[in-house]
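Commentary on secondary and tertiary structure
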Amino acid sequence: MTKSYLQPLLGCSLTALTALLASHGAYAQSAPTKPSDQIQEVVITAQKKTENLQRASIAVDVLKPGDIAKQGIKNAVDLQQLLPAVKFIAGSVMTVEIRGLGTSDLNTGVDSAVAYSQDGIYLSHPSALAPVLFDLQRVEAVLGPQGTLYGRNSNGGVINFISNDPVDKYAGMASVGFGNYGAVNSEAMINIPLTDELALRVAEGSEKHNPYTSDGYNNVDSVAGRMKLLYTPNSDLKALLTVDASQRISTGQGYGAICPPNTQDGACAGVPYTPWSGLLPAAQGEFNHDFIFGASGKLDYNFGWAQLTSLTGFKTYHFSANVEAPWYGGVSSFAFLQHEGDKFFTQEIRLASEPDSKISWVGGIYYSDENETGNQQTFYDATILQAALGVPTGYYQAYPVTAYNDQSEAVFGAATVPLLDGLRFRGGLRYTHETKTSAGDILTGVVNGTPGEMCGALGPCATAAPTGFSESQSRVTWNVGLDYDITPKNLAYVTASTGFKSGGINNLPALAGNYSSYAPETILAEEIGTKNRFFDDRLQINADVFHYSYNGYQVVEFWQPNGNPAAGPVAPAGLAGATLFPTINAKTATFEGGELNMLARLTPVDTLGFNVNLLADNFNNFIVALPYTTAVNFSGAQVANAPKATYSMNYEHTFMMPNGDSLNIGANSDVVMSHRTDGTYNNSAHVATLYYQPTYHETGVNVNYETAESGWTVSAYIRNIENVAVVNSVGSGYPALANIAQVNVQLDQPRTFGFNVKKVF
């Protein structure tokens, strides 16, 4: 397994900087904040401007560093415990769904329905996110489509990760934590004012734990670092340079159980459920490796009448995974190799009104250029069943995409105009044009060598079907809405908006015809919401309801032309017997529901929170009907990972010590109703039956002790006290035909607990 080479470099750099800080005798620690009987204001930038959360006419969930640290959370996947409307799905590549909208299709070039940004820079895919959360100012989960300000690929919403910028004083922080499953994590930060105009901030974070499954999968060894240099020559100009790098190494996200409870698959009848037992032992040489590097520049200039912002970003990542199973469901040898490389450049320039302007407005231009490569290779020996079907021993197939380019240009504008006292009109418009080109191959053949050899290891593949296509598309998205101040503390709003998720190109031979590309997903959304403070800011109640009309829902399909002899006409030579993975458009779907969020400051030391999230997400018209296969009708099926209801409650009490120290004890509990977890819509019989995760509840407790003067904080946590085995995704045994009827699942993490010690300088 590859050894992390970032950890020593980051460790040495931070040690030197900490010594420099100490040599200045700096001490930037302040005493714990005295408890208040009012709910504090939260500032967000979700709408490309700085504003109070309670004055923003969108649904946003905000997490502050303290919220994350108390739960012992170190990575993005675990944030779902604090964001009821968001589902983070762990896998070889993380996927995210908001209100049931997301993308689990990992084909090269497929865009996400949820947008991600780091310090305002749009990221092409979740693989570009740092695997560790560290030195954050806040996390914003923007719920619902944001097609005007964020543009394409934000139909589900946006996840914003905002890190801390350098400040003009010496400061530092270091923390270390330990937990079960051999968990070890760290975080450190140093901030140095180099001159009156320059400030430097360097931070690192790491996470490591042993496998969650007994067969050696679902472990992690991650490290990340970031450097920021801020230049402020005067009060009108600010320039920020950011460089970051990270890597994640693990054996992989393996299947955590076989035949989960209540499965509809007949092959699972009588098979015991053994969560976290794993499916098969991890073989030597298996790995899952991500490396990410990024650089960005942000320039802010105040003209007096408007504010100029320029955001330039470059992000590159490489993901690779290798599975070499000595036994796989009756197959004597099975090997799978996947890799993806991505280089992504973005430039956004926008001009916005001053914060106190009567008419609030923003306008700008956007450009991005993405170059991507990818490959998926599979090798397996023949079983008796495979031999009967004519599949030779040592059969392999590979789907390399050698060049995938995506260029996008957009121009956008939005404004809020007062109409009457307390009544405002909002409107926005965005025009996007994008061009995509792709080239690759589909490779099949026989390797007469030792088990596990991949296509091309001993020479060229026997059969190659070149692929390639290009397309361009233009879209206009818009939003309109009204805001009304019922009182200065009570806001009501209504919004209608549109958005789209980009279409793309399938890695298919020319014989696939019309399936060489797939169309965009489009959405029409209506939302009504209200944000309220009562009883002198002691009670906060926010609520909204929404309705989405979704067209062209994109799904990945296992396509085996003439896989069923009764499917009709025989597939043409060169296509018959192939196994292909096109992305297709699955007609229409309806998404509707709502959220209710309540926060009460019962006393200066007691806080109670309660959230309800409701969803009713169903496919209206969904028929999978690829050529030379049997059509399957999924109309009326529930959308995956969209529970009809999620109920969350949290409570905190703070004990104030005579010496000024504080002890905070918190508890949270979630109840999640039954929902589908199988996101595969296949016309093969072995996955035509869908799996539903039964209703479950999870509880967590955290304790946090903070000193008043010395800068020490000690915290402890336990998550998933019930140790409930929550299924987050389901897959079949494909392509091992002997395992074709079996249902295998990946699980959320089991019960975890640990403690953390932090020192602020």
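What comes next concerns the included structure. Here the structure is a predicted model, which is why all the values come from computation and not from measurement.

Here we come to the overall build of the protein. On a plain count of helices and strands, the protein comes out with three helices and 44 strands. The buried share of the protein, reckoned over its 761 residues, is 56%. Put simply, the protein shows about 29800 Å² of open surface, and 61% of that area lies on carbon and sulfur atoms.

The three strands lie next to each other as β4-β5-β6, forming an open sheet whose pairing is antiparallel. Since the sheet does not close on itself, it has two edges, and those belong to β4 (86-89) and β6 (101-102), each with one partner. Here strand β5 (residues 95-98) runs beside β6; their pairing, made up of two bridges, is antiparallel. Of the residues in β6, the one forming a bridge with Glu97 is Gly102.

Take the side chain of Ser163 next. For Ser163, the position within the fold is in strand β10 (residues 157-163). Separated by 2.7 Å, the side chains of Ser163 and Asp119 make a polar contact. A distance of 2.7 Å separates polar atoms of two side chains, one belonging to Ser163 and the other to Lys228. Ser163 has contacts with Asp119, Asp135, Leu136, Gln137, Arg226 and Lys228, leaving out every residue within four places of it along the chain.

This part is about the pairing of strand β41 (residues 712-719). Looking along a regular strand, one sees side chains alternate from face to face of the sheet. Of the two faces of β41, only the one carrying Thr713, Ser715, Tyr717 and Arg719 is buried; Trp712, Val714, Ala716 and Ile718 on the other face are not. As defined by bridge partners, strand β40 (residues 696-706) adjoins β41 across six bridges and the pair is classed as antiparallel. Its bridge partner lying in β41, Asn702 is registered against Tyr717. Where β40 folds back on β41, the antiparallel hairpin that results is connected by five residues, among which Gly711 adopts a positive phi of roughly 85 degrees. Summarising the sheet, β41 and strand β44 (residues 752-760) pair through eight bridges and their orientation is antiparallel. Among the inter-strand pairings, Ser715 is bridged to a residue of β44, identified as Asn756.

Our next topic: the environment of Val184. Inspection of the secondary structure puts Val184 in strand β12 (residues 183-193). Residues Val184 and Asn756 lie 572 residues apart in sequence; the distance between their C-alpha atoms is 9.5 Å.

Turning next to the pairing of β10. Across the seven residues that make up β10, a large majority, seven, are buried. Because side chains alternate across β10, one face comprises the buried residues Gly157, Ile159, Phe161 and Ser163, and the other comprises Val158, Asn160 and Ile162, equally buried. Bridge count between strand β9 (residues 136-143) and β10: seven bridges; the pairing is antiparallel. Along β10, the bridge assignment pairs Leu136 with Ser163.

This part takes up the packing of aromatic side chains. The geometry of an aromatic ring pair is captured by the separation of the ring centres together with the interplanar angle, meaning the angle of the planes. Per the stated rule, a full pass over the model turns up 13 aromatic pairs. Note on Phe178 and Phe755: the rings are 5.8 Å apart at their centroids and 40 degrees apart in plane angle, and the pair reads as tilted. Taken together, the residues span a long stretch of sequence, with Phe178 in strand β11 (residues 171-179) and Phe755 in strand β44 at a distance of 577 residues. The exposure class assigned to Phe178 is partly exposed, which follows from its relative accessible area of 39%. With a centroid separation of 5.0 Å and 75 degrees between ring planes, the pair formed by Tyr301 and Phe303 is classed as edge-to-face. Residue classification places Phe303 among the partly exposed residues on the basis of a relative accessible area of 41%. One aromatic cluster is present, built from ring pairs that chain together Phe546, Tyr548, Tyr550, Tyr553, Phe591, Phe619 and Phe622.

The next point concerns the pattern of salt bridges. On inspection of all chains with the given rule, the structure shows 27 salt bridges. For the salt bridge of Lys48 with Glu348, the shortest nitrogen-to-oxygen distance reads 3.6 Å. Residue Lys48 is located in the loop between β1 (43-44) and β2 (51-52), and its partner Glu348 is located in strand β19 (residues 334-353); the two are separated by 300 residues in the primary sequence. For the salt bridge of Asp244 with Lys315, the shortest nitrogen-to-oxygen distance reads 2.9 Å. Taken together, the positions of Asp244 in strand β15 (residues 237-250) and Lys315 in strand β18 (residues 306-325) put the pair 71 residues apart, joining distant regions of the chain. The structure contains a network of salt bridges with shared partners spanning Asp111, Arg152, Asp406, Glu434 and Lys436.

Turning our eyes to something else, we now look at the environment of Val220. Relative to the helices and strands, Val220 is located in strand β14 (residues 220-231). In sequence terms Val220 and Ala183 are 37 residues apart; their C-alpha atoms lie 9.3 Å from each other. Look past the residues within four positions of Val220 in its chain and what remains in contact with it is Glu207, Lys208, His209, Arg248, Ile249 and Ser250.

Before going further, it helps to spend a moment on the sheet that holds strand β3 (residues 59-63). One open sheet accounts for five strands, arranged β3-β9-β10-β7-β8; its pairing is mixed. The two strands at the open ends of the sheet, each matched to only one other strand, are β3 and β8 (121-123). Each adjacent strand pair in this sheet contributes to an overall mean axis angle of 20 degrees, direction not counted. As defined by bridge partners, strand β7 (residues 114-118) adjoins β8 across three bridges and the pair is classed as antiparallel. Bridging from a neighbouring strand, Ser117 pairs with Tyr122 of β8.

Conventions adopted
Residues numbered from 1 in each chain as written. Predicted model: local features only at pLDDT ≥ 70, side-chain atom pairs only at ≥ 80, totals over all residues. Heavy atoms only, no water. Helix = DSSP H or I, 4+ residues; strand = E, 2+ residues; numbered from the N terminus. Buried < 20%, exposed > 50% of the residue type's maximum accessible area, 1.4 Å probe, protein only. Areas by Shrake-Rupley, 256 points an atom, 1.4 Å probe, with all protein chains shown as cover. Pairing = 2+ DSSP bridges. Polar contact = N/O pair within 3.5 Å; in protein donor to acceptor, adjacent residues only side chain to side chain. Contact = heavy atoms within 4.5 Å. Phe/Tyr/Trp six-rings, centres within 6.5 Å; stacked < 30°, edge-to-face > 60°. Salt bridge = Lys/Arg side-chain N within 4 Å of Asp/Glu carboxyl O. Axes fitted to C-alpha atoms, helices over the stretch in contact; angles between N-to-C directions.

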